[in-house]
Amino acid sequence: MNPLFANLPTSIFAHMSGLAAEHRAINLGQGFPDFGWPDDVLDTAAEALRSGSNQYAPMRGLPELREAVVAHYGKHQGLDISPEEVTVTSGATEALAAAILALVTPGDEVLLFQPLYDAYLPLVRRAGGVPRLVRLMPPDWRITAEALEEAVTERTRLVIFNNPHNPTSRLFGADELQLLADLCIRRDLTILSDEVWEHIVFDGGTLLPLAGLPGMRERTVKVGSAGKIFSLTGWKVGWIVAPPELSLPISKAHQYTTFATPPNLQSAVAYGLGKADAYFDGMRANFAGARDAMAAALGEAGFVTLPAQGSYFVSIDLDQSGIAADDVTFCERAVREAGVAAIPVSAFYDADPATNVVRLCFAKQPETIRAGVERLQAAKALFQ
Ligand code: PMP
Ligand code: GLN
C-alpha cells in the first residue's frame, strides 16, 4: 500500500456532501449548479446514446470534439491551435493527473499557489514532485514578483496555476499573468494552466488564456472542462491543449489511466462548444444574478463577503462577520446543527492556512439561496 494515498483524508467535497446528505442539509459546499444546463446539449447526448456508437472512443478523443475545441478557443480566446494539440480526458481531474504524471520526474520542484484545488498536491507528490508553495492571502489573494522569486529554484520544472481561481473566485489580472509568463520564460518552465472556469466570469471580465501571451504557447498546458461550461459537472468530459511535444507524453499517461471518454457525451460537448454567443452570455448572466442574490442575502443576514469575479463561489469572512470561530468549526456545526453545508477554505492549504474564510456555492435557484442563507444565519447565531 502506498502511504501517500492511504494517509490522505477524504476530499473536503465528499466529506461535506456526505454530511449534507446525512443531516438533510442544503448543500452549498461542493460546487455544482442546480440549474442552467442547456436542453439541446442533453438532447444531443440522448440521441448519440441511442443512435451513435457506444463502444470505445478514439484514445485522444472524437475528431469532432478535438476540432470543436480548436474552433471554440479560436473564436472565444483568439488561440490558434490544431486538433493534434488536443487530448480529450474524463474530466479536468483526469487531465490534471495525466499532465502531472507525464511532466513531473521524481525530484522536480513544482511551484503551486495555495489555497489550491484539492487534487494538485496529492498528484504532484505521488509523481515524486517536490511542491514549492506560494501563499496567497485574503482579501486580495495577489501574486507578487517577490513571492515567485522566493519559491522558484534551479530545480523548479513546472508551475501549476488556476485562473479563474477556485476557491478564491479571483480572476487574476494581466499584470499577475505577465509576472508568471516572465518567470516561465526566464527559467524555461512549463506551466499547467487549469482554466476550467474560463466561461464563468462576471462584471465584463474575460479570461486571458496564458497560452495567448507572447512566448507562452509552447510552454503552456491548458486544461478545460465541459462540466463547467454546460453546468453538467457529472459528465466528466475535459481536455488538455498542449504543444505536440507535450501533448504526446500527456496522451500516453491518459492512455493508461482511462484510455478514452464516453463517445456520446463527447459528441454532445462537440455540439455544445459550437453554440452561439447568446448561450455563453446568458449562462454568465444567470450565474452573475445568482451571485448577486446570494451576496445580497448574506449581507442582509449580517455576513461580510469577499469579491467573487468568477467560478460558482462566494466566500464569507468570519472575523469581519463577527463570528468567533475558525472555518472548520463553523462548517462542522453549520451542517450538523443548522442544516447547511459549506466548505472551509483552510482545506485548500497545505500549511499556514487562512482560517477565517468559508466558501459557498451560489449556483443555485433563488429558493435554495434563500433557504440556505436563512440556515447560515441560524449557524451564525450558534456563535453569538
Ligand atoms: N480544477 C478546478 C480548479 C476545479 O474547480 C474543478 C472542479 N470544480 C476541477 C479542476 C475538476 O473538473 P472536472 O469536474 O471536470 O474533473
Ligand atoms: N470542483 C468542485 C468544487 O470545487 C468539486 C469537485 C469534486 O467534488 N471533486 O467544489
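Being a predicted model, the structure only gives us computed values, none of them experimental.

## Re the packing of aromatic side chains
What characterises a pair of aromatic rings is the spacing of the ring centres plus the angle enclosed by the ring planes.
Step number 1: With the rule as written, the count across this model stands at 15 aromatic pairs.
Step number 2: Aromatic pair W197 and F313: ring centres 5.5 Å apart, planes at 75°, arrangement edge-to-face. Remark: F313 occurs in strand β9 (residues 313-317) and W197 occurs in the loop between β6 (190-194) and β7 (220-225); sequence separation between them is 116 residues.
Step number 3: Between F287 and Y312, the ring centres sit 5.2 Å apart and the planes meet at 50°, which makes this aromatic pair tilted. Of this pair, F287 sits in helix α12 (residues 277-300) while Y312 sits in the loop between α12 and β9; the two residues are 25 residues apart in sequence, bridging distant segments of the chain. For the pair shown, F287 and Y312 are each scored as buried.
Step number 4: The rings of F35, W197, F287, Y312 and F313 are connected pair by pair, giving a single aromatic cluster.
Step number 5: In this structure, K222 packs its charged tip against the face of Y73, placed 4.3 Å from the ring centre.

## Side note on the side chain of S321
Step number 1: Looking at the secondary structure, you find S321 in the loop between β9 and α13 (327-338).
Step number 2: Discounting residues that sit within four places of it in the chain, S321 has contacts with G302, F303, V304 and K380.

## Topic: the site of ligand 2
Step number 1: Neighbouring residues of ligand 2: F13, Q30, G31, Y117, N166, F313 and R359.
Step number 2: A distance of 2.6 Å separates an oxygen atom of ligand 2 from a polar atom in the side chain of Q30.
Step number 3: N166 places a polar side-chain atom, nitrogen or oxygen, 2.8 Å from an oxygen atom of ligand 2.
Step number 4: Relative to its unbound accessible surface of 300 Å², ligand 2 loses 79% to contact with the protein.
Step number 5: The residue makeup of the shell around ligand 2, split by class, is three nonpolar, three polar and one charged.

## With respect to the environment of T329
Step number 1: Positionally, T329 belongs in helix α13.
Step number 2: Judged by its relative accessible area of 32%, T329 is partly exposed.
Step number 3: Between the C-alpha atoms of T329 and R126, which are 203 residues apart in sequence, the distance is 30 Å.

## Topic: the site of ligand 1
Step number 1: By nearness alone, every residue bordering ligand 1 is listed as G91, A92, T93, Y117, N162, N166, D194, V196, W197, S225, K228 and K236.
Step number 2: Within the contact set of ligand 1, an oxygen atom lies 2.8 Å away from a backbone nitrogen or oxygen of A92.
Step number 3: One nitrogen or oxygen atom from the side chain of T93 is found 2.6 Å from an oxygen atom belonging to ligand 1.
Step number 4: Among the elements that make up the shell around ligand 1, the one with the highest residue count is helix α5 (residues 91-103) (three residues).
Step number 5: For the shell around ligand 1, the class distribution of residues is four nonpolar, five polar and three charged.

## Some details on the UniProt feature "domain: Aminotransferase class I/classII large" (unreviewed entry) in the chain
Step number 1: Sites flagged by UniProt as "domain: Aminotransferase class I/classII large" (unreviewed entry) map to residues 26-376.
Step number 2: For residues 26-376, the end-to-end C-alpha separation is 10 Å, with 41% helix and 15% strand making up the annotated structure.

Rules of the game
- Residues numbered from 1 in each chain as written.
- Chains lettered and ligands numbered in written order.
- Predicted model: local features only at pLDDT ≥ 70, side-chain atom pairs only at ≥ 80, totals over all residues.
- Heavy atoms only, no water.
- Phe/Tyr/Trp six-rings, centres within 6.5 Å; stacked < 30°, edge-to-face > 60°.
- Helix = DSSP H or I, 4+ residues; strand = E, 2+ residues; numbered from the N terminus.
- Buried < 20%, exposed > 50% of the residue type's maximum accessible area, 1.4 Å probe, protein only.
- Lys NZ or Arg CZ within 6 Å of the ring centre and 35° of its normal.
- Contact = heavy atoms within 4.5 Å.
- Near = heavy atom within 4 Å.
- Polar contact = N/O pair within 3.5 Å; in protein donor to acceptor, adjacent residues only side chain to side chain.
- Areas by Shrake-Rupley, 256 points an atom, 1.4 Å probe, with all protein chains shown as cover.
- Nonpolar A, V, L, I, M, F, W, Y, C, P; charged D, E, K, R; others polar.
- UniProt positions renumbered as here; feature names shortened; annotations may be inferred.

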